[in-house]
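Read off the chains here:
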Amino acid sequence: MFRIVLYQPEIPPNTGNIIRLTANTGSTLHLVKPLGFEMTDTRLRRAGLDYKNLVHVNIHESLTEALIGSAPERVFAFSTKGNRNYSEITYRKGDVLLFGPETRGLPDDIRAQYTDTLLRIPMKRETRSLNLANAVAIALYEGWRQLGFESAT
């Protein structure tokens with residue numbers, strides 16, 4: 001399915017919710033250090049419930065390590081500074097969906113690497129950003145919808 005990469009996630013319940021999302025969609029989850037929490041954090045476990053056993057959470061020292069290990073054909077980076085709408089592309093199995101930390105988003109140097117595949121989720125102008133777990137859910141379910149909700153019951 002899809003590979004979700006969270007670059008330096010900071011808030012345990014968001015990551016817990018994303019663990020649940022990846023389990024429910026058959027996607028894989030990759031976390032890039034440093035993490036803003038311990039994997040044993042009770043808030044992470046509570047949000048992910050028992051889904052942690054249904055998905056292997058891959059932890060990487062760097063973004064390069066996370067991407068080399070999965071040898072992706074395409075990486076879509078998500079940012080409020082993206083030029084294209086997330087729903088304007090055609091997703092394929094194996095695509096990487098890359099998201100930045102909750103308080104600051106993807107840094108300039110990473111966004112610069114993905115200028116052609118830097119996507120945004122539309123919002124009202126006067127708002128700043130979406131919750132990370134919500135943003136991942138929006139993008140992931142659009143991709144899965146385009147694949148006909150493959151393997152869903």
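Report follows, based on the coordinates. (Residues numbered from 1 in each chain as written. Predicted model: local features only at pLDDT ≥ 70, side-chain atom pairs only at ≥ 80, totals over all residues. Heavy atoms only, no water.)

A few words on unusual backbone geometry. A cis amide bond links lysine 33 with the next residue in sequence, proline 34, at an omega value of 0°. The backbone phi angle of phenylalanine 149 is positive, close to 50°, even though this residue is not glycine. Locating phenylalanine 149 in the fold gives a position in the segment after α5 (132-146). Non-glycine residue serine 151 carries a positive phi angle of around 70°. (Helix = DSSP H or I, 4+ residues; strand = E, 2+ residues; numbered from the N terminus.)

Here the focus is the sheet that holds strand β1 (residues 3-7). On the basis of which strands lie adjacent, the open sheet formed by seven strands has the order β3-β2-β1-β6-β4-β7-β5 and parallel pairing. Only two strands of the sheet have a single partner each, and these edge strands are β3 (57-60) and β5 (84-85). Judged from the four bridges that link them, β1 and strand β6 (residues 96-99) form a sheet pairing that is parallel. Considered in β6, the bridge of valine 5 is made with leucine 98. Packed on one face of the sheet, helix α1 (residues 12-25) meets β1, β2 (28-32) and β3 and runs near 150° to β2. (Pairing = 2+ DSSP bridges. Contact = heavy atoms within 4.5 Å. Axes fitted to C-alpha atoms, helices over the stretch in contact; angles between N-to-C directions.)

To continue, consider the pattern of salt bridges. Counted under the stated rule, the structure contains eight salt bridges. Between aspartate 95 and arginine 74 there is a salt bridge, with its nearest N and O atoms 2.7 Å apart. Of this pair, aspartate 95 sits in the loop between β5 and β6 while arginine 74 sits in the loop between α3 (63-70) and β4 (75-78), and the two are 21 residues apart along the sequence. Neither aspartate 95 nor arginine 74 differs from the other in exposure class; each is buried. (Salt bridge = Lys/Arg side-chain N within 4 Å of Asp/Glu carboxyl O. Buried < 20%, exposed > 50% of the residue type's maximum accessible area, 1.4 Å probe, protein only.)

Counted according to the given criterion, the structure contains five aromatic pairs. Seen from their ring centres, phenylalanine 78 and phenylalanine 99 are 4.6 Å apart, and the 10° between their planes marks the pair as stacked. Here phenylalanine 78, found in strand β4, pairs with phenylalanine 99, found in strand β6; they are 21 residues apart in sequence, far enough to count as distant. Considered together, phenylalanine 78 and phenylalanine 99 belong to a single accessibility category, that of buried residues. (Phe/Tyr/Trp six-rings, centres within 6.5 Å; stacked < 30°, edge-to-face > 60°.)

Across its 15 residues, α5 extends 21 Å between first and last C-alpha, which sits within 8% of the 21 Å expected from 1.5 Å per residue. Those residues of α5 that fall on the buried side of the exposure criterion are Leu132, Ala133, Ala135, Val136, Ala139, Leu140, Glu142, Gly143 and Trp144. Among the structural elements, β1, α1, β4 and β6 are those in contact with the buried residues of α5. The positive-phi residue at the C-terminal boundary of α5 is glycine 148, with phi of around 75°. (Expected span 1.5 Å × (residues − 1).)

What follows deals with the side chain of arginine 74. When its relative accessible area of 19% is taken as the criterion, arginine 74 is described as buried. Among the polar contacts listed, one links the side chain of arginine 74 to the side chain of aspartate 95, at a separation of 2.7 Å. Leaving out residues up to four positions away in the same chain, arginine 74 has contacts with Thr90, Tyr91, Arg92, Asp95 and Val96. (Polar contact = N/O pair within 3.5 Å; in protein donor to acceptor, adjacent residues only side chain to side chain.)

All we've got here are geometric facts, nothing functional implied.
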